[in-house]
Amino acid sequence: MDLPTSLAWLVDEAGASPDPERYLAELGRRLLTDGLPLAGGALTLAAPHPIIARRTWLWRAETGAVIEALSFTDVSRNQAGHEWLTGLGPVQEDTVGLPPDSPVLGWAGTRAFTAAEAGKLHEAARFAAPSLVALAARAGLAALLEAYLGRRSAARVLAGALSRGTGETIRAALLCADLRDFTALSEATEPAVMIATLDAWFDRIAGAVHAFGGEVLKFMGDGVLAIFPVTTTPGEACEAALRAVASARAGMAHLDTVRQDQGLPPLPFGVALHFGEILWGNIGAADRLDFTAIGPAVNLVSRLEGLCKPLGLTVLLSGAVAERTTATLVPVGHHVLRGIAEPCEVFTLPEH
């Protein structure tokens, strides 16, 4: 059977596409080769994610570039893609499969599509169904794993790194944060209210981490362990961590104001920063695995955070961070940390 290049690719190779971005770009390129007058294309997939409803990839024929748009509400199955395509030219869209969560494949023309060209695009959508089902399943699994495991761990699971005892060494600025007096607060608070309180706290600390390029590795009760991996220089990683701390403090100050208006107590917390290497490892029982961070740097940042309360300070930094940042810091002496052999030189931020 002699098929057009686009349909032959959909039958023979599309199922092996590594991601929606390359799938859309390759399909668009092959449709152009088949003589279709395309200005751009859009592929929209449902996303099983706590805050993202749909993900849309947008391809421009002139440059071959693909960008991604996120929809945070599910008011329309393909609103982002449709609006973008409309700005390029006449639009044809096909829902591949049964709604409401089926992929939507759309194209914009450099001119109005003829009946024959529209028929070819519709035929391509029909041939795309099997590979799009597989692609949507993989993209959905990736989104789900990222929501529960974080980007780094999700990528390792998807890559098949499931062997117990394996791991990677990461050089990074480490952030450890914890609410103070959480046990007493939880005993005096209704469970539903306590969950909402934790969510508000995590929104601010994790949101700040992600905003400045960091990654949350673990939620531990009311605690957070996050890293800012070295991508260029250690100094930039430490500066990013400091900016995240400043953002989190501002967010928590606003939250305390809101809580005060509601007659609720403030939420004091402590944050510690350190720089070093961690082993991000896959450990656990034979049939139940988890990713965890281990190493002297993890121990130190955890112990340093525990020093916040007795010193009456919100933010503490180790000497390893202090020597890698240009920020103005206030020394608070050398302190012996439980389980750490050498006393740690400790700094804090100046009060404003």
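Source: prediction; values computed, not measured.

## Examining the pairing of strand β1 (residues 38-46)
Argument step 1. Of all nine residues making up β1, eight are buried, and the element is well covered by its neighbours.
Argument step 2. Across six bridges, β1 lies against strand β5 (residues 104-109) in antiparallel orientation. Bridge pairing links leucine 38 to glycine 109 in β5.
Argument step 3. Two strands pair when backbone bridges link them, and β1 and strand β2 (residues 54-60) are joined in this way by seven bridges, in the antiparallel orientation. Opposite glycine 41, over in β2, you have tryptophan 59 as the bridge partner.

## Remarks on the packing of helix α1 (residues 5-12) against helix α2 (residues 20-33)
Packed helix pairs are characterised by how far apart their axes lie and by the angle those axes make with each other.
Argument step 1. α2 packs onto α1 with a crossing angle of 150 degrees between their chain directions and a minimal axis gap of 7 Å. Contacts between α1 and α2 involve Thr5, Ser6, Trp9 and Leu10 on the former and, on the latter, Tyr23, Glu26, Leu27, Arg30, Leu31 and Thr33.
Argument step 2. In terms of residue class, the contact of α1 with α2 is built from five nonpolar, three polar and two charged.

## A word on the side chain of threonine 44
Argument step 1. Tracing the backbone shows threonine 44 in strand β1.
Argument step 2. Of the residues examined, threonine 44 reaches a relative accessible area of 1% and is grouped as buried.
Argument step 3. Within the structure, threonine 44 has its side chain in polar contact with the side chain of threonine 56 (distance 2.9 Å).

## Notes on the sheet that holds strand β3 (residues 66-71)
Argument step 1. Ordered in space as β3-β2-β1-β5-β4, the five strands form an open sheet in which the pairing is antiparallel. Two strands close off the open sheet at either side, each with one partner strand: β3 and β4 (91-95). In this sheet, adjacent strand axes meet at a mean angle of 15 degrees when their direction is disregarded.
Argument step 2. The pairing of β4 with β5 spans five bridges and is classified as antiparallel. The partner of glutamate 93 across the bridge, within β5, is glycine 106.

## Points about helix α7 (residues 191-211)
In an α-helix there are 3.6 residues to a turn, and that puts residues three or four apart on one side.
Argument step 1. With 21 residues, α7 should reach 30 Å at 1.5 Å per residue; the first-to-last C-alpha distance of 29 Å fits that figure.
Argument step 2. Of all the positions in α7, only Met194, Thr197, Leu198, Ala200, Trp201, Phe202, Ile205, Ala206, Ala208 and Val209 are classed as buried.
Argument step 3. Turning to α7, the residues buried within the fold contact β6 (167-179), α6 (182-187), β7 (215-220), β8 (223-229), α8 (234-261) and β9 (269-285).

## Remarks on a nonpolar patch on the surface
Argument step 1. The grouping of Ile51, Leu70 and Phe72 at the surface amounts to a nonpolar patch, some 300 Å² of accessible area in total.
Argument step 2. In this fold, phenylalanine 72 is placed in the loop between β3 and α3 (79-86).

## A closer look at the packing of aromatic side chains
Argument step 1. For the structure on display, the rule yields five aromatic pairs.
Argument step 2. Residues tryptophan 59 and tryptophan 107 carry aromatic rings whose centres are separated by 6.0 Å and whose planes lie at 85 degrees to one another, so their mutual orientation is edge-to-face. Here tryptophan 59 is found in strand β2, whereas its partner tryptophan 107 is found in strand β5, with 48 residues between them in sequence. In this structure, tryptophan 59 and tryptophan 107 share a single accessibility class: buried.
Argument step 3. Pairing phenylalanine 202 with phenylalanine 219 gives two aromatic rings, centres 4.5 Å apart and planes at 50 degrees, and the pair type is tilted. On the criterion of sequence distance, the pair formed by phenylalanine 202 in helix α7 and phenylalanine 219 in strand β7 is long-range, its members being 17 residues apart.

## Quick look at the nonpolar core
Argument step 1. Judged by nonpolar contacts, the single largest core of 42 residues is most densely connected at Leu175, Trp201, Ile205, Phe228, Leu273 and Leu317.
Argument step 2. If sequence neighbours within four positions are ignored, phenylalanine 228 has contacts with Ala172, Ala173, Leu175, Val209, Phe212, Gly213, Gly214, Ala237, Ala240, Ala241 and Ala244.
Argument step 3. Leu10, Tyr23, Leu24 and Leu121 belong to the second-largest nonpolar core, a separate cluster that totals 27 residues.

Each value, and the rule that gives it
Residues numbered from 1 in each chain as written. Predicted model: local features only at pLDDT ≥ 70, side-chain atom pairs only at ≥ 80, totals over all residues. Heavy atoms only, no water. Buried < 20%, exposed > 50% of the residue type's maximum accessible area, 1.4 Å probe, protein only. Helix = DSSP H or I, 4+ residues; strand = E, 2+ residues; numbered from the N terminus. Pairing = 2+ DSSP bridges. Axes fitted to C-alpha atoms, helices over the stretch in contact; angles between N-to-C directions. Contact = heavy atoms within 4.5 Å. Nonpolar A, V, L, I, M, F, W, Y, C, P; charged D, E, K, R; others polar. Polar contact = N/O pair within 3.5 Å; in protein donor to acceptor, adjacent residues only side chain to side chain. Expected span 1.5 Å × (residues − 1). Patch = residues over 30% accessible without salt bridge, like charges linked within 9 Å, V, L, I, M, F, W, Y side chains within 5 Å. Areas by Shrake-Rupley, 256 points an atom, 1.4 Å probe, with all protein chains shown as cover. Salt bridge = Lys/Arg side-chain N within 4 Å of Asp/Glu carboxyl O. Phe/Tyr/Trp six-rings, centres within 6.5 Å; stacked < 30°, edge-to-face > 60°. Core = buried A, V, L, I, M, F, W, Y, C linked by side-chain atoms within 4.5 Å.

Limitation: the analysis is restricted to geometry and does not speak to function.
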